[in-house]
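Topology and contacts: notes
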Amino acid sequence: MPQDWPRLASYLHAQGMRLDLDLEPRQFATGLANLNYRVSVDGALAVLRRPPAGPLAEGANDLAREFRVLDALHGPLPLVPRPLHLCLDTSVLGAPFEVIEHRSGSAVGGRLPDEIADRPDAGPALTSSLVATMATLHSLQPDTLGLSDLGRPEGFLRRQVVGWGRRADAVFPDGRPRALSAIVEHLESTVVEESAVALLHGDLKFDNVLFDLQTLQPTAVVDWDMATRGDPLFDLAVLLSYWIEADDPVTLHDLGQVPSLEPGFPSRREVAAQYFAACGRPLEDLAFHLTLARLRLAVAWVQLYRQYERGTVRDPRYATFEKTAQAVLDWTADTLDAPPL
């Protein structure tokens, strides 16, 4: 998506910052929601983030929230990039945007990068790093970081059920599919109490963590626009909702968000066990949390498909999202009474 870089340069100049246009800004290929560009500001690499064009889904692309969280976390959690500037004036680029510190590293999608595809230690090492990072985040105390008013943790899970049901109605204006109705009704009747209150990332999977492919260690955690306080098991369940295994229905194998089908990657159960061990907590039942996370995944995928359908985004990856979302809904509805892992 083209940006008015001279206009941005003029704006940043007025803020005492220099956009170096000798280094041509370049859009990053990864990411499915916000648009990210490598730029040079004051002689150093930085990242410009802004929402896509067109109407935004409820609760998504909240850059003001993200900037606040980055500002609070980049000290106590060194993997968090430092925020540099937030602009809420939409007259500059047509949308709010922020400039944040650039971190080197590679995001990992549905397949391992070629550089590490043949390394038998890649799956276990990447997974352990991701789980440890999640456990560390959940161990932080929001009150000591100035984030005691971020989100509303009381009744968090029930509000998630209501909120994703409402979003579902928005993307299915002709009525909820049968499977979706069954899932929402099941969740409404089985809401559990929050297991704890912690800072949540909201979408902590491999492509929101940058890795050094030599050491397999993380260099940054990005994409904090959905951060909040709530039940930490929901963060875990969101990760597991993407974690497809070989025995799952073939229709789910194209989800392609984490490389869990690659050789050497642990199962969902093993990932959950690693998380609980890292947190020093006994293994807990994730049935409700994982069903809710799969509802969230399916509805979010349809939201992205609707943007593609309207033409506000043109990334061809979106073309199959509705089909994938329906597969997730069907599988979830068919396994509501099955063991979660």
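Structure: above.
Model, not experiment: these values are computed from the prediction.

1. Points about the overall build of the protein
Along the protein, the regular secondary structure elements total 9 helices and 9 strands. Relative to its length of 341 residues, the protein is compact, with a C-alpha radius of gyration of 20 Å against a globular reference of 20 Å. Partitioning the intrachain contacts of the protein with sequence separation of at least 6 by distance along the chain shows that 71% fall at a separation of at least 24. With an accessible surface of roughly 15100 Å², the protein has 51% of that area assigned to carbon and sulfur atoms. Placing the 31 positive and 46 negative side-chain charges of the protein at their respective mean positions leaves the two points 3 Å apart.

2. Some details on the pattern of salt bridges
Inspection of every chain in the model, using the stated rule, returns 20 salt bridges. The shortest N-O distance in the salt bridge between aspartate 62 and arginine 65 comes to 3.6 Å. Taking relative accessible area as the criterion, aspartate 62 reaches 29% and is therefore assigned partly exposed. You can call arginine 65 partly exposed: its relative accessible area is 27%. Linked by salt bridges that have partners in common, Arg49, Glu66, Glu98, Asp223 and Asp225 make up one network.

3. Focus on the packing of aromatic side chains
Per the counting criterion, the structure on display carries 12 aromatic pairs. A centroid spacing of 5.4 Å and a plane angle of 75° characterise the contact between tryptophan 5 and tyrosine 37, whose relative ring orientation is edge-to-face. Remark: tyrosine 37 occurs in strand S2 (residues 35-41) and tryptophan 5 occurs in helix H1 (residues 5-14); sequence separation between them is 32 residues. Ring centres of tyrosine 275 and phenylalanine 276 lie 5.5 Å apart, and the angle between their planes is 75°; this geometry places the pair in the edge-to-face category.

4. Topic: the packing of helix H3 (residues 122-139) against helix H7 (residues 268-279)
Interaxial distance between H3 and H7 falls to 9 Å at its minimum, and their mutual angle equals 45°. The orientation of H3 relative to H7 falls into the category oblique. In this structure, H3 meets H7 at a crossing whose hand is right-handed. Here H3 contributes Thr127, Ser128, Val131, Met134, Ala135 and His138 to the contact with H7, which in turn contributes Val271, Gln274, Tyr275, Ala278 and Cys279.

5. Structural notes on the packing of helix H5 (residues 178-189) against helix H8 (residues 287-310)
Running from N to C, H5 and H8 cross one another at 145°; their axes reach a closest spacing of 10 Å. The two elements H5 and H8 cross, and the hand of that crossing is left-handed. Contact residues: Leu180, Ile183, Val184, His186 and Leu187 in H5; Phe288, Thr291, Leu292, Leu295 and Val299 in H8. Tallied by class, the residues present in the contact of H5 with H8 amount to 8 nonpolar, 2 polar and no charged.

6. Observations concerning H5
The end-to-end C-alpha distance of H5, which contains 12 residues, comes to 17 Å, matching closely the 16 Å that a straight helix rising 1.5 Å per residue would cover. Three or more residues of H5 are buried, namely Ala179, Leu180, Ile183, Val184 and Leu187. The buried residues of H5 occupy an angular sector of 130° when projected down its axis, which confines them to one face. Set apart from the buried face of H5 by more than 90 degrees, the exposed residues are Arg178, Glu185 and Ser189.

7. Observations regarding the environment of threonine 127
Residue placement: threonine 127 occurs in helix H3. Taking the C-alpha atoms as reference points, threonine 127 and aspartate 22, 105 residues apart in sequence, are found 39 Å from one another. Threonine 127 has contacts with Phe206, Trp243, Phe265, Pro266, Val271 and Gln274, leaving out every residue within four places of it along the chain.

8. Brief notes about the sheet that holds strand S4 (residues 83-87)
Strands sit in the order S1-S2-S3-S5-S4 across an open sheet of 5 strands; the sheet is antiparallel. One side of each edge strand has no neighbouring strand; the edge strands of this open sheet are strand S1 (26-27) and S4. Strands in contact with H1 are S2, strand S3 (44-50), S4 and strand S5 (97-101); relative to S4, the strand with the most contacts, it is inclined by about 105°.

9. Section: the side chain of aspartate 235
Position of aspartate 235 relative to the elements: it lies in helix H6 (residues 232-241). One buried charged residue, aspartate 235, forms no salt bridge at all, with the nearest opposite charge on arginine 296 at 7.4 Å. A polar side-chain atom of aspartate 235 sits 2.9 Å from the main-chain amide nitrogen of histidine 201. Here glycine 202 takes part through its backbone nitrogen, which lies 2.9 Å from a polar atom of the side chain of aspartate 235. Not counting the four nearest positions on each side in its chain, aspartate 235 is found in contact with Met134, Leu137, His138, Leu199, Leu200, His201, Gly202 and Asp203.

Reading the values: the criteria
For every chain, the first residue of its written sequence is number 1, and the numbers climb from 1 along that sequence. For a predicted model such as this one, the threshold for reporting local features is a pLDDT of at least 70, and the threshold for listing and counting side-chain atom pairs is 80 or more; totals across whole chains, interfaces and linings nevertheless cover every residue. Only heavy atoms go into the side-chain values, all of them from the structure, while hydrogens and water stay out. Helix numbering and strand numbering both begin at the N terminus, where a helix is a DSSP run of H or I of at least 4 residues and a strand a DSSP run of E of at least 2. Values of the radius of gyration come from C-alpha atoms, whereas the globule rule sets the reference at 2.2 Å times the count of residues to the power 0.38. Contacts are assigned to residue pairs with any non-hydrogen atoms lying within 4.5 Å of each other. Exposure was quantified through the Shrake-Rupley algorithm and a 1.4 Å probe, taking into account, for residues, occlusion by the shown protein chains and nothing else. His is not counted here, nor are the chain ends, while Lys and Arg score as positive and Asp and Glu score as negative. For this purpose, a charge sits on NZ of Lys, CZ of Arg, CG of Asp or CD of Glu. A carboxyl oxygen of Asp or Glu within 4 Å of a side-chain nitrogen of Lys or Arg is what we treat as a salt bridge. Any residue under 20% of the maximum accessible area for its type is buried, any over 50% is exposed, and the rest in between are partly exposed; the area is computed with a 1.4 Å probe on protein chains only. Between the rings of Phe, Tyr and Trp (Trp by its six-membered ring), a pair exists once the centres lie within 6.5 Å; its type follows the angle of the planes, with under 30 degrees stacked, over 60 edge-to-face, and the other angles tilted. Convention adopted: a line fitted to C-alpha atoms gives each axis, helices being fitted over their contacting stretch, and angles between N-to-C directions are expressed from 0 to 180 degrees. Comment on the angle field: the value is read as roughly parallel under 35 degrees, roughly antiparallel over 145, roughly perpendicular from 65 to 115, and oblique elsewhere. Left-handed describes a crossing whose near helix is turned anticlockwise from the far helix by less than a right angle; the clockwise case is right-handed. Residues were grouped as follows: Ala, Val, Leu, Ile, Met, Phe, Trp, Tyr, Cys and Pro as nonpolar; Asp, Glu, Lys and Arg as charged; and all remaining residues, including Gly, as polar. Here a helix's expected span is defined as the number of its residues, less one, multiplied by 1.5 Å. Each direction from the helix axis to a C-beta atom contributes to the arc, which is the arc of those directions. Strands pair, by our definition, only if DSSP identifies at least two bridges between them. We call two N or O atoms a polar contact when they sit within 3.5 Å, provided that within protein one can donate a hydrogen and the other can accept it, with sequence-adjacent residues counted only if both atoms are side-chain atoms.

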